[in-house]
Amino acid sequence: MAADSSDDFSVLVLASDLGVDGRPFLSYGEEEEQENWHDCSDQYLSPDEDFSDLDLLQFFHLQGSDKQGNRIFRVVGKYFPALVVNGERLKRYIFHKICSELPEGPFCIVYMHSTVQKEDNSPGITILRWIYEELPSNIKDRLQIVYFIHPGLRSRLVFATLGRFFLSGGLYWKIKYVSRLQYLWEDIKKAEIEIPEFVKNHDDVLEHRPLTDYGIEPDPSHLTEVPSMAYSFGRYEERWTSRQYMS
């Protein structure tokens, strides 16, 4: 005679004709998973702040995925108005976008440096480092790679010599330089990301002037400038104040 099993088990019987909704009993795990869809706490969200003006600029926008399955945040440097958006508001906006739009799982950043002007479009590398360091640790761990499109010689030299001092080790080793769009397609399908027309035009210019990448051919428009190293909190206000003082 077989021995009696000591394992306990329970059976839940729901009568279908009693008007009882059985979903709360059967989908507890699913509801818990939905509650943890985002990894950010409320302190990183700014529900009362209006970011509609920055959303219209489309400089930080969630798009498709790369070939490794990482969701893409597209960053278009030329679209960022550094003259009117300070570092504190930029940080709140980036945190809000990540915490409210990015689903679970790994992600990547595609940064387009094409035709960026240091004074007009760059918040400063110190600001960018500060924003990255303020991110929750689990978000930083989920960032797999940063595709740096059209870096130029100055960007390469600065990051090669000073990048380890201004960027944390985790971020420094995640940067991948992409000198031409044709190399980006090795990691991302064309349908997964929208490339602005001016980025394509700049890519064509570099294709016909390849020595510009190495600093041999003149770059009169300074299209390959590296982001400013200066700390940009109130830099324009301070500059205006100094001008008034000198006058």
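Provided above is the structure to which this section pertains.
What counts, and where the lines are drawn
Residues numbered from 1 in each chain as written. Predicted model: local features only at pLDDT ≥ 70, side-chain atom pairs only at ≥ 80, totals over all residues. Heavy atoms only, no water. Axes fitted to C-alpha atoms, helices over the stretch in contact; angles between N-to-C directions. Helix = DSSP H or I, 4+ residues; strand = E, 2+ residues; numbered from the N terminus. Parallel < 35°, antiparallel > 145°, perpendicular 65-115°, else oblique. Left-handed = near helix turned anticlockwise from the far one by under 90°. Contact = heavy atoms within 4.5 Å. Nonpolar A, V, L, I, M, F, W, Y, C, P; charged D, E, K, R; others polar. Core = buried A, V, L, I, M, F, W, Y, C linked by side-chain atoms within 4.5 Å. Buried < 20%, exposed > 50% of the residue type's maximum accessible area, 1.4 Å probe, protein only. Expected span 1.5 Å × (residues − 1). Arc of directions from axis to C-beta. Phe/Tyr/Trp six-rings, centres within 6.5 Å; stacked < 30°, edge-to-face > 60°. Lys NZ or Arg CZ within 6 Å of the ring centre and 35° of its normal. Pairing = 2+ DSSP bridges.

What to know about the packing of helix α4 (residues 87-101) against helix α6 (residues 125-134)
Viewed as axis vectors pointing N to C, α4 and α6 meet at an angle of 40°, and their least axial separation amounts to 10 Å. Comparing their axes, α6 and α4 come out oblique. Here α4 and α6 pass one another in a crossing that is right-handed. Counted together, Gly-87, Glu-88, Leu-90, Lys-91, Ile-94 and Phe-95 of α4 and Ile-127, Trp-130, Ile-131 and Glu-134 of α6 form the full contact between these two elements. Partitioned by chemical class, the residues of the contact of α4 with α6 number 6 nonpolar, 1 polar and 3 charged.

What about the nonpolar core?
A general tendency of soluble globular proteins is for nonpolar side chains to be buried together. One finds Phe-60, Phe-73, Leu-90, Ile-98 and Ile-109 to be the most contacted residues of the largest nonpolar core, which totals 35 residues. Residue assignment for this core shows that the elements contributing at least two residues are β1 (60-65), β2 (71-76), α4, β3 (107-112), α6, β4 (143-149) and α9 (169-172). Contact partners of Phe-73, with chain neighbours within four places excluded, come to Phe-60, His-61, Leu-62, Lys-97, Ile-98, Leu-102, Phe-107, Cys-108, Ile-109 and Val-110. Formed by 16 residues, the second largest nonpolar core is a distinct cluster that contains Tyr-147, Ile-149, Val-178 and Leu-181.

What to know about helix α11 (residues 197-208)
Between its terminal C-alpha atoms α11 stretches 17 Å, which fits the 16 Å expected from 12 residues at 1.5 Å a residue. Every buried residue belonging to α11 is among Phe-198, Val-199, His-202, Asp-203 and Leu-206, and all of these are buried. Buried residues of α11, seen end-on, are gathered within an arc of 145° and therefore sit on one face of the element. Exposed residues on α11 whose side chains face more than 90 degrees from its buried face are Glu-197 and His-208. At its buried positions, α11 is contacted by β2, β3 and α10 (181-184).

Some details on the packing of aromatic side chains
In this description, a pair of aromatic rings is defined by centroid distance and the angle of the planes. Enumeration over the complete set of coordinates arrives at 9 aromatic pairs. Note on Phe-60 and Phe-73: the rings are 4.5 Å apart at their centroids and 10° apart in plane angle, and the pair reads as stacked. In this pair, Phe-60 sits in strand β1 while Phe-73 sits in strand β2, placing the two residues 13 residues apart along the sequence. We note that Phe-60, like Phe-73, is buried. Through a chain of ring-to-ring contacts, three or more aromatic side chains come together here, namely Phe-51, Phe-59, Phe-80 and Tyr-93. The ring of Phe-198 carries Lys-78 above its face, with NZ or CZ at 4.6 Å from the centroid.

Overview of the sheet that holds strand β5 (residues 175-178)
Spatial strand order, β1-β2-β3-β4-β5: 5 strands in an open sheet with mixed pairing. The open sheet terminates on both sides in strands that have one partner only, identified here as β1 and β5. Taking the axes of each pair of neighbouring strands and ignoring which way they run, one obtains an average angle of 25° across the sheet. Of the pairings in the sheet, the one linking β2 to β3 comprises 6 bridges and is parallel in character. Bridge assignment links Val-75 to a residue of β3, and that residue is Tyr-111. Its contacts with the sheet put α4 on β1 and β2, and the angle it makes with β1 is roughly 35°.

Description of the environment of Gly-77
Within the secondary structure, Gly-77 is located in the loop between β2 and α4. Under the relative-accessibility criterion, Gly-77 is labelled buried at 5%. Sequence spacing of Gly-77 and Thr-115 is 38 residues, and the spatial spacing of their C-alpha atoms is 8.3 Å. Other than its neighbours up to four places away in sequence, Gly-77 contacts Tyr-111, Met-112, Val-116 and Asn-121.

Some details on the environment of His-113
Its place among the elements puts His-113 in the loop between β3 and α5 (118-121). Its relative accessible area of 0% is what places His-113 among the buried residues. The sequence separation of His-113 and Val-75 amounts to 38 residues, and the corresponding C-alpha distance is 8.7 Å.

Describing the side chain of Asn-70
As for its position among the elements, Asn-70 is in the loop between β1 and β2. Owing to a relative accessible area of 6%, Asn-70 belongs among the buried residues under this scheme. Contact partners of Asn-70, with chain neighbours within four places excluded, come to Gly-64, Ser-65, Pro-106, Phe-107, Cys-108 and Gln-144.

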